[in-house]
Amino acid sequence: MAKLVCEGASNRRVAEELYIGTKTVQYHLTKIYTKLSVSNRTELAALARFGQEE
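Now for a quick tour of the structure. (Residues numbered from 1 in each chain as written. Predicted model: local features only at pLDDT ≥ 70, side-chain atom pairs only at ≥ 80, totals over all residues. Heavy atoms only, no water.)

### Looking at the nonpolar core
Judged by nonpolar contacts, Val5, Ala9, Val14, Ala15, Val25, Leu29, Tyr33, Val38 and Leu44 together constitute the single largest core of 9 residues. It is helix α3 (residues 22–36) that provides the largest number of residues to this core, a total of 3 residues. Residues contacting valine 25, with those up to four places away along its chain left out, are Met1, Asn11, Val14, Ala15 and Ile20. (Core = buried A, V, L, I, M, F, W, Y, C linked by side-chain atoms within 4.5 Å. Buried < 20%, exposed > 50% of the residue type's maximum accessible area, 1.4 Å probe, protein only. Helix = DSSP H or I, 4+ residues; strand = E, 2+ residues; numbered from the N terminus. Contact = heavy atoms within 4.5 Å.)

This is the structure:
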């Protein structure tokens, strides 16, 4: 899910790709943001890019 979001997919697109509801996507993204101490998609994508550079 995080990979799709980092690639620019909307919640709706993520939901379609994973065959889940958009509310489920929102729920899991909130959990991901909390766990990684980020507050939005932009920060998540930046963190993912930083992690790939190492």
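Right, picking up where we left off after that structure.
### Things to note about helix α2 (residues 11–18)
Within α2, burial applies to Asn11, Val14 and Ala15. Buried positions in α2, seen along its axis, are confined to an arc of 100 degrees and lie on one side of it. (Arc of directions from axis to C-beta.)

### Here we look at unusual backbone geometry
A positive phi angle, close to 55 degrees, is found at tyrosine 19, a residue other than glycine. Mapped onto the secondary structure, tyrosine 19 falls in the loop between α2 and α3. Here serine 37, not a glycine, exhibits a phi torsion of approximately 60 degrees, which is positive. For serine 37, the location among the structural elements is in the loop between α3 and α4 (41–53).

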